[in-house]
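The residues making up each chain are set out below.
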Amino acid sequence: MSAPDCSRVRVKFCGLRSERDVRTALLAGADAVGFICGQTHRTEDALEEAAAERLVRLTKTLARSTEEVPDKKGPAPQRVRGAVATVLVTHLREADAIVRLADRLGVDEIQVHGLIGPDVLPEIVRATAGSAHRPAVVRAVHVMDESAIDDAIAASDTADAIVLDTRTADRLGGTGLVHDWTISRRIVERLGGSGTEVYLAGGLTPANVAEAIAVVGPDGVDVNSGVDDARGDKARSACDAFANAVRSPLVSRS
């Protein structure tokens, strides 16, 4: 199996819940950051709407700024790299509620992570079609067995992107568990050329993300608990290590 072109692999840090988390993710070179709001299943990273709105605004301000972002723990400031997408990650199941929440937060992407009916994604797309800046719609597909392949194909008819994640009875994400990457690889192959991007999540860490990319060949990787410290905050060293592991093949080819 040939190695994927890692120059295109985007890095998303999910489950951010504080200003410190936002700065840590941006300084690590995040392409996207996720905020969990509107949950139905267990997560330690859920935000109230007002807090999520504040962090989305902060992210946009810092990402747009041409000035250096102070790193309060480091010896010198570092610069945020490029544009960063803000993502609402929600378990909500009704299209109207999801769209209202996304509109309040002002996010660039809506990641529908809940257990929804088949009409919800099309309803979200219709409801946001007239927006000046229509948020991209991302659908989480939980890779439990080979049925995930058909689920991903069905979702790709509407979604701009798919995120392949791991779930348990009480968690829809943030499990810290790896699923069968060979199934995810088959999904990537089936959706190749469709225009729907595929992200890989579920149990990713700085230690295994390079292997995951080599096996699956996703357009992006999505990490939450794999870069947390003991308090559940985003660890600067782990976020840096994760991003470096994703992009390390570029160094060897330069």
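Everything quoted here is computed from the prediction, not taken from an experiment.

Draft legend 1. Main features of the pattern of salt bridges. Per the counting criterion, the structure on display carries 17 salt bridges. With its nearest N and O atoms 2.9 Å apart, the salt bridge here joins Asp-222 to Lys-12. Taken together, the positions of Asp-222 in strand β8 (residues 220-223) and Lys-12 in strand β1 (residues 10-13) put the pair 210 residues apart, joining distant regions of the chain. As far as the burial class goes, Asp-222 and Lys-12 line up, both buried. For the salt bridge of Arg-186 with Glu-146, the shortest nitrogen-to-oxygen distance reads 2.8 Å. Residue Arg-186 is found in helix α6 (residues 181-191), and its partner Glu-146 is found in the loop between β5 (136-142) and α5 (147-156); the two are separated by 40 residues along the sequence. According to the relative accessible area criterion, Arg-186 is partly exposed, its value standing at 37%. A single network of salt bridges, built from pairs that share partners, joins Arg-17, Asp-45, Asp-229, Arg-231 and Asp-233.

Draft legend 2. Structural detail: the side chain of Arg-139. Turning to its location among the elements, Arg-139 is positioned in strand β5. No salt bridge is formed by the buried Arg-139, whose closest oppositely charged neighbour, Asp-151, lies at an N-O distance of 7.8 Å. A polar atom in the side chain of Arg-139 sits 2.9 Å from the backbone oxygen of Val-112. The residues contacting Arg-139, other than those within four sequence positions of it, are Val-112, His-113, Gly-114, Ile-116, Leu-121, Ala-155, Ala-159, Ala-161, Ile-162 and Val-163.

Draft legend 3. Molecular detail of the pairing of β8. Burial along β8 is two-sided: the face carrying Gly-220 and Asp-222 and the face carrying Val-221 and Val-223 are both buried. Alignment of strand β7 (residues 197-200) against β8, held across two bridges, turns out to be parallel. Within the sheet, the bridge partner assigned to Tyr-199 lies in β8 and is Gly-220. This β-α-β element, β7 to helix α7 (residues 209-216) to β8, shows right-handed connectivity.

Draft legend 4. Layout of the confidence of the model for the protein. Considering every residue of the protein, the mean pLDDT works out to 86; 84% of them sit at 70 or more. Here residues 74-79 is modelled with pLDDT under 50, and outside its nearest four sequence neighbours on either side it reaches twelve contacts, counting other chains as well. Segment residues 250-254: pLDDT under 50, and four contacts once partners within four positions in sequence are set aside and those in other chains are kept.

Conventions we followed
Residues numbered from 1 in each chain as written. Predicted model: local features only at pLDDT ≥ 70, side-chain atom pairs only at ≥ 80, totals over all residues. Heavy atoms only, no water. Salt bridge = Lys/Arg side-chain N within 4 Å of Asp/Glu carboxyl O. Helix = DSSP H or I, 4+ residues; strand = E, 2+ residues; numbered from the N terminus. Buried < 20%, exposed > 50% of the residue type's maximum accessible area, 1.4 Å probe, protein only. Lys, Arg positive; Asp, Glu negative; His and termini not counted. Polar contact = N/O pair within 3.5 Å; in protein donor to acceptor, adjacent residues only side chain to side chain. Contact = heavy atoms within 4.5 Å. Pairing = 2+ DSSP bridges. Right-handed = clockwise from strand over helix to strand, strands pointing away. pLDDT = per-residue confidence, 0-100.

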